[in-house]
Amino acid sequence: MHITDFFDLSLLSQVMTEWSKATGMATIAMDADGDYISGEIGFKDFCTKYTRGTKEGLRRCVLCDSNYKGVYYCHAGLMDFSFDIKLDDGTVLGKIIGGQILSSEPNYDNFIRLADELGIDRNEYLNALKNIEIRSEEAIRASAYLLDRVVNLLVNSEYIKYTQKNVIKELDEANKRDVLTNVYNKRYCQKYLEYRIGNKTRVPFALLLIDIDNFKEVNDNWGHICGDHTLIDVVEIIKSVFKEDSVIGRFGGDEFMVIMKNTYDKELVYDRAKDLCEAVRKLDVDGDVNKKITISIGISFYPDEGASYESLMQKADEALYSIKNNGKDGYA
């Protein structure tokens, strides 16, 4: 997981910037891969231009950044800090480092010696040092602790919101689905139909009601487990025939619904219904060539045959039972 999956980095930068103004300390954030996810906030030339501007100074600074945690004295004698950005479960998402502050009046002899070691002009280095603020060690440690707590509380709070949204989304999606077949349930299909009809666009669509013929005999003769397998197999065939251009749902025990969206071509609908009937006839239930089933399909069209949920359902239902009463295994 990356912190940007759920957290607004502009909020992080805002908190770090205000904190830097209040404390006089510098800070920067990195992700778990070591890439910077904020700007350099509050850094002074003493560190960025001079110390890190030399090969040896940069090497020493990188060692400090990599090896130290908490609040510590860096190789140059300033106080720095490093803490992880992490979730309550221990997942580390990155870290915040910073500091660049003195805990007491500087010993200039030490900084002259350091300038010589790093190959920096003494006067320039000492002049840059004058811009580094001085705070008590107690205040520095308290400030670093405060930033640690605020950032991690914010990150975890946003993560909780993110996970809650995902759980709600998953539950909402689960409430739309039939448990056995994982297609949409009757409630969702009804709401979708009502939405399509109620939005007043009058874009044509086809409604197909699909019923497995003699399904009771499947359960009675081959068992309810076989019956469940049959329902699942039929759904997979429906999906293969109608693909992404349709909403597919289970409307009852052995009855399914297909809402074929934006359908201007009725012949295309009839062809799909014919293909579906043929595909189901070829199905070997539970892989047994001696176990065969058929389906009956009733079709109605919006808006030609009804401008309400009830009228469309009635037309499709009448068509379905006209097939049921005339030999089954077909569409009308």
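Residues numbered from 1 in each chain as written. Predicted model: local features only at pLDDT ≥ 70, side-chain atom pairs only at ≥ 80, totals over all residues. Heavy atoms only, no water.

**Student:** Explain the overall build of the protein residue by residue, including any values.
**Tutor:** On a plain count of helices and strands, the protein comes out with 11 helices and 9 strands. Its C-alpha atoms give the protein principal-axis dimensions of roughly 105 × 45 × 30 Å. Taking the contacts inside the protein whose residues are at least 6 apart along the sequence as the reference set, 63% of them involve residues at least 24 apart. Surface summary for the protein: the accessible area is close to 17,300 Å², and the carbon and sulfur share equals 48%. (Helix = DSSP H or I, 4+ residues; strand = E, 2+ residues; numbered from the N terminus. Contact = heavy atoms within 4.5 Å. Areas by Shrake-Rupley, 256 points an atom, 1.4 Å probe, with all protein chains shown as cover.)

**Student:** Describe the sheet that holds strand β7 (residues 255-260), and please don't skip the residues or the numbers.
**Tutor:** One open sheet holds the 5 strands; their spatial order is β6-β7-β5-β8-β9, and the pairing between them is mixed. Edge positions in the sheet fall to β6 (246-250) and β9 (330-331), since each has one partner strand and no second. Across 6 bridges, strand β5 (residues 205-212) lies against β7 in antiparallel orientation. Following the sheet pairing, Ala206 is matched in β7 by Met260. Of the strands in this sheet, β5, β6, β7 and β8 (295-302) touch helix α7 (residues 186-198), which is tilted by about 30 degrees from β7. The strands touched by helix α11 (residues 309-324) within the sheet are β5, β7, β8 and β9, with β8 carrying the most contacts at an inclination of about 150 degrees. (Pairing = 2+ DSSP bridges. Axes fitted to C-alpha atoms, helices over the stretch in contact; angles between N-to-C directions.)

**Student:** Could you give an account of the sheet that holds strand β2 (residues 70-73), naming the residues involved and the relevant values?
**Tutor:** As summarised here, the arrangement of the 4 strands in space is β1-β4-β3-β2, forming an open sheet in which the pairing is antiparallel. In this open sheet, the two strands that pair with only one neighbour each are β1 (26-31) and β2. Geometrically, the sheet is characterised by an average inter-axis angle of 20 degrees between neighbouring strands, direction not taken into account. Against the sheet, helix α1 (residues 9-23) contacts β1, β3 (79-86) and β4 (92-101), and its axis sits at roughly 155 degrees relative to β1.

**Student:** Tell me about the packing of helix α3 (residues 55-67) against helix α4 (residues 108-118), and name the residues and values.
**Tutor:** It is at 8 Å that the axes of α3 and α4 come closest, and there the two elements cross at 110 degrees. As far as their axial angle goes, α4 and α3 are roughly perpendicular. Facing α3, whose interface residues are Glu56, Gly57 and Arg60, α4 presents Leu114, Glu117 and Leu118. Here the contact of α3 with α4 is built from residues that sort into 2 nonpolar, 1 polar and 3 charged. (Parallel < 35°, antiparallel > 145°, perpendicular 65-115°, else oblique. Nonpolar A, V, L, I, M, F, W, Y, C, P; charged D, E, K, R; others polar.)

**Student:** Kindly report on helix α10 (residues 266-281), identifying the contributing residues and their values.
**Tutor:** The terminal C-alpha atoms of α10, which comprises 16 residues, lie 23 Å apart, in line with the 22 Å expected from a rise of 1.5 Å per residue. Taken together, the buried positions of α10 are occupied by Val269, Arg272, Ala273, Leu276, Cys277 and Val280. Seen end-on, α10 carries its buried residues on one side only, within an arc spanning 135 degrees. Turning to α10, the residues buried within the fold contact β5, α9 (224-242), β7, β8 and β9. A side-chain oxygen of the first residue of α10 lies 3.0 Å from the backbone nitrogen of Glu267; this N-cap is Asp265. (Expected span 1.5 Å × (residues − 1). Buried < 20%, exposed > 50% of the residue type's maximum accessible area, 1.4 Å probe, protein only. Arc of directions from axis to C-beta. Polar contact = N/O pair within 3.5 Å; in protein donor to acceptor, adjacent residues only side chain to side chain.)

**Student:** Talk me through the pairing of β3; I want residue IDs and the actual numbers.
**Tutor:** Of all 8 residues in β3, 6 are buried; the element is thus mostly enclosed. Here β2 runs beside β3; their pairing, made up of 4 bridges, is antiparallel. Looking at the pairing, Gly70 lines up with Ser82 of β3. Counting the residues between successive antiparallel strands, the hairpin from β2 to β3 contains 5 residues, one of them, Gly77, with a positive phi of roughly 95 degrees. Examined bridge by bridge, β3 and β4 share 7 bridges and lie antiparallel to one another. Each bridged residue has a counterpart across the sheet, and for Asp84 the counterpart in β4 is Lys95. Hairpin connection from β3 to β4: 5 residues lie between these consecutive antiparallel strands, with Gly90 at a positive phi of about 100 degrees.

**Student:** Help me get a handle on the pattern of salt bridges, residues and values and all.
**Tutor:** Counting across every chain of the model gives 18 salt bridges. Across the pair Asp178 and Arg250 runs a salt bridge whose closest N-O atoms are separated by 3.3 Å. Here Asp178, found in the loop between α6 (137-175) and α7, pairs with Arg250, found in strand β6; they are 72 residues apart in sequence, far enough to count as distant. Arg250 shares its class with Asp178; the two are buried. A salt bridge links Glu236 to Lys239; the nearest nitrogen and oxygen atoms lie 3.6 Å apart. Taken as a pair, Glu236 and Lys239 lie in helix α9 at a separation of 3 residues, close to a single helical turn. The exposure class of Glu236 is partly exposed, given its relative accessible area of 41%. Taken together, the salt bridges that share partners define one network made up of Glu56, Arg59, Arg60 and Glu117. (Salt bridge = Lys/Arg side-chain N within 4 Å of Asp/Glu carboxyl O.)

**Student:** Can you tell me about the side chain of Ser20, naming the residues and giving the values?
**Tutor:** With respect to the helices and strands, the residue Ser20 is situated in helix α1. Ignoring sequence-local partners within four residues, the contact set of Ser20 consists of Met25, Ala26, Ile41 and Gly42.

Treat this as a map of the structure, not an account of what it does.
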